[in-house]
Amino acid sequence: MYNTNVTNARANLYNLVNMAINDNEIININTKNGNAVLLNEADYNSLIETLYLSTDPEYKKSLIRGLNTPLEQCIDEGEIEW
């Protein structure tokens, strides 16, 4: 995580945005009123999707069942038809 204050962030906004987009860097911007975080859109969307899915009790149970399934009981990826 890259930390900077709001004055430096303002002066280097273009570079900070490129760091977030190209390097997947999370930028923590500090102000006297609190902090803000800059991250790329793909990472943001992934976080939102994960939060959404974790609120669905049935999906959550399905994930836990999958995590607890022994590898020997899993289907080989070559056998899956898309």
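This text gives an overview of the structure that appears in the document. Everything numeric here is computed off the predicted structure, so don't read it as measured data. (Residues numbered from 1 in each chain as written. Predicted model: local features only at pLDDT ≥ 70, side-chain atom pairs only at ≥ 80, totals over all residues. Heavy atoms only, no water.)

**A short note on the pattern of salt bridges**
The test is simple: Only one rule defines a salt bridge in this text: a Lys or Arg side-chain nitrogen within 4 Å of an Asp or Glu carboxyl oxygen. Working definition: helices are DSSP H or I runs of at least four residues, strands are E runs of at least two. Numbering for both runs from the N terminus. Partly exposed residues are those whose accessible area sits between 20% and 50% of the maximum for their type, while under 20% is buried and over 50% is exposed, using a 1.4 Å probe and protein chains only.
Under the defined criterion, the tally for this structure stands at one salt bridge. Across the salt bridge formed by Lys61 and Glu58, the nearest N and O atoms sit 3.6 Å from each other. Residue Lys61 and its partner Glu58 are both found in helix H4 (residues 57–68); the two are separated by three residues, about one turn of the helix. Looking at Lys61, the relative accessible area reads 46%, which means it is partly exposed. Glu58 gets classed as exposed once you look at its relative accessible area, which sits at 52%.

**Observations concerning a nonpolar patch on the surface**
The test is simple: Candidate patch residues must exceed 30% relative accessible area and have no salt bridge, after which like charges are joined if within 9 Å and Val, Leu, Ile, Met, Phe, Trp or Tyr side chains if within 5 Å. Shrake-Rupley sampling with a 1.4 Å probe provides the accessible areas, and residues are treated as covered by the protein chains on show and by no other component.
Taken together, the side chains of Met1, Ile26 and Val37 define a hydrophobic patch exposed on the protein surface, amounting to about 300 Å² of accessible area. If you trace the backbone, Met1 turns up in the segment before strand E1 (2–5).

**A look at the side chain of Thr4**
Our working rule: Contacts between residues were defined by any pair of non-hydrogen atoms, one from each residue, lying within 4.5 Å.
Along the chain, the position of Thr4 falls in strand E1. In this structure, Thr4 is in contact with Ala9, Leu16, Ile27, Asn28, Ile29 and Asn30, ignoring residues within four places of it in sequence.

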